[in-house]
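For reference, the chains in residue letters:
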Amino acid sequence: MDAFRLDYFFDMIPKIVKLFPETVKVAFFSLLLSLFLGLVLAVIRQYRIKGLYFLSCIYVSFFRGTPFIGQLFLFYYGFAQLSETIREMSPFTAVVIALSANYCAFMSEDIRAALNSVEKGQYEAGLSIGLKPLAVIYKIVLPQAVRTAVPGLSNNFINLFKSTAIGFMIGYKDMMAIVSMETSRTYRFLEGYAAAMLIYWGIISVLSFMQGKMERKLNRIY
Amino acid sequence: MIKVRNLKKSFGELKVLDGISFDLEEGKVLVVIGPSGTGKSTLLRCMNYLERPAEGEIEVDHIKVEAKTAKKEEIYKLRSRTAMVFQNYNLFKNKTALENIMEPMTSVQRIPKQQAEKKALEILDAVGLIEKREHYPSQLSGGQQQRIGIGRAMAVNPRVMLIDEPTSSLDPELVGEVLALLYDLARNHTTMIIATHEMEFARNIADYIIFIEDGKIIEEGDPEQFFNEPKTYRAQQFLKKFKKNDIG
């Protein structure tokens, strides 16, 4: 075995980049779904909605308290024993569901903290002019909470993006999967994984840069 | 006619409102005075159900809401006929002065945007802040924020304005502009219930005074009589303290 082979390294880069859209696809749909679920969870927890509050606490506790890969396997392999739908589910759908189910728990905490940061007086003022509670949340509280929520949510999105790499363990063909396949053929693990890490690092750096820009923009508005 | 009957509210053991009743004719100004923490704010907050009373009845514009049986729809109706001016202004921070005033019209009364904007500009003019229409609350002084707060309350087009210590958070030099605006409203026969610690203002603006302590009305009457010859010992003591403070 010789040391680092540049040709293998450069050979890997386009192969990995070619699957970039697959990784983005998972990250994008998981982000949308987890944001939506996170918002629902946050509103339930913040306003202690009867009947759902207790369930939401258990939900968040479970997903924060167990490893993601375990959740993914429990869902895709474990629950497959019980459900025809899961047995026939594509790895893509399964990864999106597992990622969303996991990250919405974390995101709900960021959203809740942001809802908390909006003074109670804003909510009361909304009610006092005759708005209904949900309208106050939607028109007054959420727009103000966004500014506080963005840093935490962006960090979670960055983590989510990295977590998509676990998808290859249930057979989803993304950037990580191609490295795994190629390196087990060529045995050039060092070059393959080095190339993959650099690409992930580059993507995350771009995302971090955009996060900073967005935060500055949000702080300028009012 | 606004009617309040036997309003009661407790926070734990503490009885904050202990059977408050009064009537207020349309176009009149009722001023609520009394020591701090004796339920003035709670009374106003119960009147639009920001705080839910334990007992009692509130009637505004023929909407009767009985505490024990109050339904959501009744509460929304009550709120659409009352408006509140807060001690801390509570302007919507994510909206400009103009948008703050438009909000009740566009979102609650469903007035088309153009029409609402026209009306909001009239209100801005009335509160003397037309040139600040594009400013966000954080760009306004306390006095200006409170005037926008009053403007927003006007936009609700309420049967009664609930005004909770409108100048308590203000620097002394900003008090005057807010009081002047409230005098304007009174001259235009806006029905108001005002909680305040400004005795001079109370005396001049009130058609009727109620003095509350420990959640009960201790004394009530017209302002001249109340301030010149208070009947109860507690009102006398309370007013004496204010006179001393004025001199000091």
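That block above? That's the structure.
The sections below set out a description of the structure shown in this document. (Residues numbered from 1 in each chain as written. Chains lettered and ligands numbered in written order. Predicted model: local features only at pLDDT ≥ 70, side-chain atom pairs only at ≥ 80, totals over all residues. Heavy atoms only, no water.)

1. Thoughts on the interface of chain B and chain A
In this assembly, 24 residues from chain B lie in contact with 19 residues from chain A. For the chain B and chain A pair, buried surface summed over both sides reaches about 1,900 Å², with 59% attributable to carbon and sulfur atoms. Taken together, chain B and chain A are joined by 2 salt bridges. For B:Lys93, the salt bridge goes to A:Glu119, with nearest N and O atoms at 2.1 Å. (Contact = heavy atoms within 4.5 Å. Buried area = accessible area lost by both parts, 1.4 Å probe. Salt bridge = Lys/Arg side-chain N within 4 Å of Asp/Glu carboxyl O.)

2. Things to note about the sheet that holds strand β1 (residues 2–11) of chain B
Neighbouring strands of a sheet are bound in pairs by backbone hydrogen bonds; such pairs are parallel or else antiparallel. Residue and element names in this part refer to chain B. Taken in spatial order, the 4 strands of this open sheet run β2-β1-β4-β5, and their pairing is antiparallel. Because the sheet does not close on itself, it has two edges, and the strands there are β2 (14–24) and β5 (63–66). When strand polarity is set aside, the average angle formed by the axes of neighbouring strands in this sheet is 15°. In the sheet, β1 pairs with β2 via 8 bridges, with the strands oriented antiparallel. Bridging from a neighbouring strand, Ile 2 pairs with Leu 24 of β2. (Pairing = 2+ DSSP bridges. Helix = DSSP H or I, 4+ residues; strand = E, 2+ residues; numbered from the N terminus. Axes fitted to C-alpha atoms, helices over the stretch in contact; angles between N-to-C directions.)

3. Quick word on helix α6 (residues 172–187) of chain B
All names here are of chain B. Under the 1.5 Å per step criterion, the end-to-end length of α6 is 24 Å for 16 residues, consistent within 8% with the ideal 22 Å. Within α6, the full set of buried residues consists of Leu 174, Val 175, Val 178, Leu 179, Leu 181, Leu 182, Leu 185 and Ala 186. Viewed end-on, α6 has its buried residues packed into an arc of 155°, placing them on one side of the element. Facing away from the buried side of α6, by more than 90 degrees, are the exposed residues Glu 173 and Arg 187. Of the surrounding secondary structure, the elements contacted by the buried residues of α6 are β3 (29–33), α4 (113–126), α5 (142–155), β7 (160–164), β8 (192–195) and α7 (199–205). Downstream of α6 by one or two residues, His 189 has phi in the positive range, about 65°. (Expected span 1.5 Å × (residues − 1). Buried < 20%, exposed > 50% of the residue type's maximum accessible area, 1.4 Å probe, protein only. Arc of directions from axis to C-beta.)

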